[in-house]
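Observations on the three-dimensional arrangement
Next come the chains, spelled out residue by residue.
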Amino acid sequence: MPFIHTHVPEATPAATREAVVQAIHQALVEGIGMPEDELFNMVTGYAPGQFAFSRSFNGVARSDAVVVVEITLRRGRSDAMKRALYAAIARNLQAMAQVAPADVFIFMHENDYSDW
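Computed from a prediction, not measured in an experiment: that's the story for all the values here. (Residues numbered from 1 in each chain as written. Predicted model: local features only at pLDDT ≥ 70, side-chain atom pairs only at ≥ 80, totals over all residues. Heavy atoms only, no water.)

1. Regarding a nonpolar patch on the surface
A cluster of nonpolar residues, Met1, Phe3, Phe40, Met42 and Trp116, forms a patch on the protein surface that exposes about 470 Å² of accessible area. For Met42, the position within the fold is in strand E2 (residues 41-46). (Patch = residues over 30% accessible without salt bridge, like charges linked within 9 Å, V, L, I, M, F, W, Y side chains within 5 Å. Areas by Shrake-Rupley, 256 points an atom, 1.4 Å probe, with all protein chains shown as cover. Salt bridge = Lys/Arg side-chain N within 4 Å of Asp/Glu carboxyl O. Helix = DSSP H or I, 4+ residues; strand = E, 2+ residues; numbered from the N terminus.)

Take a look at the structure:
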């Protein structure tokens with residue numbers, strides 16, 4: 001059961017927040033075989049000035065609308081699976097919520113079965 005914490009700009013409309021949730025969920029279901037009913041995504045809005053970030057880290061030009069996706073799940077996915085999942089999340093966010101891939105920041109926390 002992955003737990004997702006998604007951070008979006010505070011002004012993000014409710015419909016866009018829902019599209020963000022569904023885009024991430026779809027990528028998890030298709031990318032790592034997560035069951036469809038395992039949807040746990042806490043969405044938090046951040047106000048201007050509450051999230052400091054480099055607009056050019058790794059040569060990527062970011063806007064003010066960065067979406068941060070924290071994924072916590074059990075250990076066991078290969079690096080290739082993770083990269084494919086990250087790419088699917090970015091594609092889905094662009095297609096379903098109009099979030100530019102350059103504005104997607106994803107990271108994962110892995111733990112063991114005993115941590116749940």
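So that's the structure; there's more coming.
2. Here's the deal with the sheet that holds strand E1 (residues 3-9)
Note: strands within a sheet are paired through backbone hydrogen bonds, in either parallel or antiparallel orientation. Strand order across the open sheet formed by four strands is E2-E1-E3-E4, with mixed pairing between neighbours. Unpaired on one side and paired on the other, E2 and strand E4 (104-111) mark the two borders of the sheet. Taken pair by pair, the neighbouring strands of this sheet meet at an average axis angle of 15 degrees, ignoring direction. Two elements, E1 and strand E3 (residues 67-74), share five bridges in a ladder whose sense is antiparallel. (Pairing = 2+ DSSP bridges. Axes fitted to C-alpha atoms, helices over the stretch in contact; angles between N-to-C directions.)

3. Comments concerning the nonpolar core
If you look at the biggest cluster of nonpolar residues, it comprises 23 residues, and the most contacted ones within it are Ile24, Ile71, Leu85, Ile89 and Leu93. Per-element accounting of this core gives the leading share, seven residues, to helix H1 (residues 14-32). Beyond its immediate sequence surroundings of up to four residues, Leu85 is in contact with Ala27, Leu28, Ile32, Ile71 and Met108. (Core = buried A, V, L, I, M, F, W, Y, C linked by side-chain atoms within 4.5 Å. Buried < 20%, exposed > 50% of the residue type's maximum accessible area, 1.4 Å probe, protein only. Contact = heavy atoms within 4.5 Å.)

4. Some words on the pairing of E1
Along E1, six of the seven residues are buried, which leaves the element largely enclosed by surrounding structure. Strand direction decides the pairing type here: E1 and E2, joined by six bridges, are parallel. Each residue of the ladder has a partner; that of Pro9, found in E2, is Tyr46.

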